[in-house]
Amino acid sequence: LKICVIGLGYIGLPTAVMFAKYGLRVHGVDVNSEVVTSLIHNNPHINEPGLKEIVTDVIHRGLLTVSSEPEEANVFIIAVQTPINPDKTANLEYVKIAAENIVPFLKKGDLVILESTVPPRTVEDVLIPTLQRSKLEIGSELFIAYSPERVLPGKLFEELVTNDRIVGGINLLSSQKTADLYKHFVKGNIHITDAGTAEIVKLIENSYRDINIAFANELARIAEVIGIDIWQAIKLANSHPRVHVHNPGPGVGGHCIAVDPWFLVEKAPREAELITLARSINDSTPQRVIRMIETAVREINQPVITLLGLAFKGNIDDMRESPSLVIMNALIMKGYNVKVFDPLIKTAMEGKVTTLEEAARDSDCLVFLTDHDQFRTIDYSLIKDLLRTKMVLDMKNVTERNELTDLGITCIKIGS
Ligand code: SAJ
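Remember, predicted model here, so these are calculated numbers, not experimental data.

Draft legend 1. Focus on the overall build of the protein chain. Across its full length, the protein chain holds 16 helices and 14 strands. Whereas a compact globule of 416 residues would reach a radius of gyration of roughly 22 Å, the protein chain reaches 24 Å, a difference of no more than 12%. Taken along the three principal axes of its C-alpha coordinates, the protein chain extends 75 × 50 × 40 Å. Taken across its 416 residues, the protein chain has 45% of its residues classed as buried. Within the protein chain, contacts between residues separated by at least 24 positions form 71% of all contacts whose residues are at least 6 apart in sequence.

Draft legend 2. A look at the UniProt feature "transmembrane region" (unreviewed entry) in the protein chain. The UniProt record marks residues 5-24 with the feature "transmembrane region" (unreviewed entry), using the residue numbering of this structure. Its end C-alpha atoms 12 Å apart, residues 5-24 is made of 50% helix and 10% strand.

Draft legend 3. The arrangement of the UniProt feature "domain: UDP-glucose/GDP-mannose dehydrogenase C-terminal" (unreviewed entry) in the protein chain in detail. UniProt tags residues 306-401 as "domain: UDP-glucose/GDP-mannose dehydrogenase C-terminal" (unreviewed entry). Helix makes up 26% of residues 306-401 and strand makes up 19%, while its end C-alpha atoms are separated by 18 Å.

Draft legend 4. View of the domain arrangement of the protein chain. What the domain assignment reports for the protein chain is domain 1 (2-188) and domain 2 (195-416). Placing a centre on the C-alpha atoms of domain 1 and another on those of domain 2 gives a separation of 33 Å. If you look at the interface, domain 1 gives 25 residues, while domain 2 gives 21 residues. Elements supplying a minimum of two residues to the side of domain 1 that touches domain 2: helix H5 (122-131), strand E6 (143-146) and strand E7 (165-169).

Draft legend 5. Seen up close, the site of the ligand. In the neighbourhood of the ligand, 20 residues make up the surrounding shell, with His-246, Gly-249, Gly-253, Gly-254 and Cys-256 lying closest. Counting the residues that make up the shell around the ligand, at least three belong to each of domain 1 (2-188) and domain 2 (195-416).

Draft legend 6. Expanded view of the packing of helix H8 (residues 195-226) against helix H9 (residues 230-237). Between H8 and H9, the shortest axis-to-axis distance is 10 Å and the interhelical angle comes to 130°. It follows that H8 is oblique to H9 by the angle criterion. Here H8 runs over H9; the crossing is right-handed. Here Ala-216, Leu-219, Ala-220 and Ala-223 of H8 lie close against H9, whose contacting residues are Ile-230, Ala-233 and Ile-234. Class assignment of the residues belonging to the contact of H8 with H9 gives a composition of seven nonpolar, no polar and no charged.

Draft legend 7. Spotlight on the nonpolar core. If you look at the biggest cluster of nonpolar residues, it comprises 119 residues, and the most contacted ones within it are Val-5, Ile-6, Ile-78 and Val-367. Considering every element that reaches this core, the biggest residue donor is H8, with nine residues. Each of domain 1 (2-188) and domain 2 (195-416) gives at least three residues to this core. Discounting residues that sit within four places of it in the chain, Val-367 has contacts with Ile-293, Ile-305, Thr-306, Leu-307, Leu-308, Leu-393 and Met-395.

Definitions and cut-offs
Residues numbered from 1 in each chain as written. Predicted model: local features only at pLDDT ≥ 70, side-chain atom pairs only at ≥ 80, totals over all residues. Helix = DSSP H or I, 4+ residues; strand = E, 2+ residues; numbered from the N terminus. Rg over C-alpha atoms; globule rule 2.2 N^0.38 Å. Buried ≥ 20, exposed ≤ 12 C-beta atoms within 10 Å, placed from the backbone. Contact = placed C-beta atoms within 7 Å. UniProt positions renumbered as here; feature names shortened; annotations may be inferred. Domains from an automatic or database assignment. Near = placed C-beta within 6 Å. Axes fitted to C-alpha atoms, helices over the stretch in contact; angles between N-to-C directions. Parallel < 35°, antiparallel > 145°, perpendicular 65-115°, else oblique. Left-handed = near helix turned anticlockwise from the far one by under 90°. Nonpolar A, V, L, I, M, F, W, Y, C, P; charged D, E, K, R; others polar. Core = buried A, V, L, I, M, F, W, Y, C linked by C-beta atoms within 7 Å.

In structure tokens form, the structure reads like this:
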């Protein structure tokens, strides 16, 4: 059995190497020649725990080959990006191009699986019409399914194996062939459904999380008005067996939660009221954080503001759509003196320092924007004398207010 994976990004590459690790022959395709070259040189362009080791191993064993052109295979997995257009609709160009590119290689009995996150009905309206150009009978000579990725960056290799998998074929045979394929490494349950249901399931999951985070961000705003600590209140509410409120923060970043809900809105804008409102609450949160920072430093002459955490969430080195960048750029535009520190981000940028000591030195306001584990264990007694103004703003609940107060540091938390 040979698999051809189209798109070697955050999902395609780990999926390709997993199949190869379990002994299948895999050919990975990416239109970006730099991605292909980096893999040939055993230097994956993505940082994910365990990825480099597996890539090295499967390329060395000859199980994974990579190039910018598809090859004949029995299974084609499309895992290309589906970015969002300025009008908040899904850009399906990459899916279309990927499908067009595999058409010349398709033969009787092949299976095509779409993994990219897409609006409902994309398999029916976009994928099938393109694959029909192969002249194969869809459903009996060519099998097609949608099976969304559901893995969390940073825990990808664990979740690829342990998470349940949704498989939505265009008919039962397509579903069964797809389920049999993923059984090579999936230990979670494999749920079989139709393609349209599988497409919407993925969007429900990420919209649920977005709405839940918007609820938490709204609760944080309410708590600030009435003067209670929402972090403690949410923790206690979650002790109820049927309550699971997420956490507030400086905004929702990354490439999924802030994007995917729009794919539902696109299909029924008038009905998707709650989803749209959640998006607007979460998108407005960085602006609120900027106002909190400006209020905190307004009495200080030429304040130095230090932002801690550039990654879009804790313990990863990914800055895609990070609210930290929105906040950083806005403060710079407003003329503030801004320093930034993130122990996991290697990219050089203006004002970026490489140690906590440099971050703290002469700072008037330390602002925590990401919940890296390293930020939870800072010994403030070692850095407090470096601060020009002893003030901390915490958007991620990574500090203990009492501990800071005892050291003479003012601690302002979002949602309290
Ligand atoms: N965030 C909060 N409060 C929370 C949780 C998250 O403000 O309580 C923020 C994070 O700081 C971050 C953003 O939300 O800025 C998104 O982080 P995340 O951990 O919720 O999600 P992603 O984008 O890393 O991964 C999500 C996951 N989806 C769900 O948990 C339902 C993952 O399983 C999906 O595979 C992934 O999207 C995807 O690719 O769709």
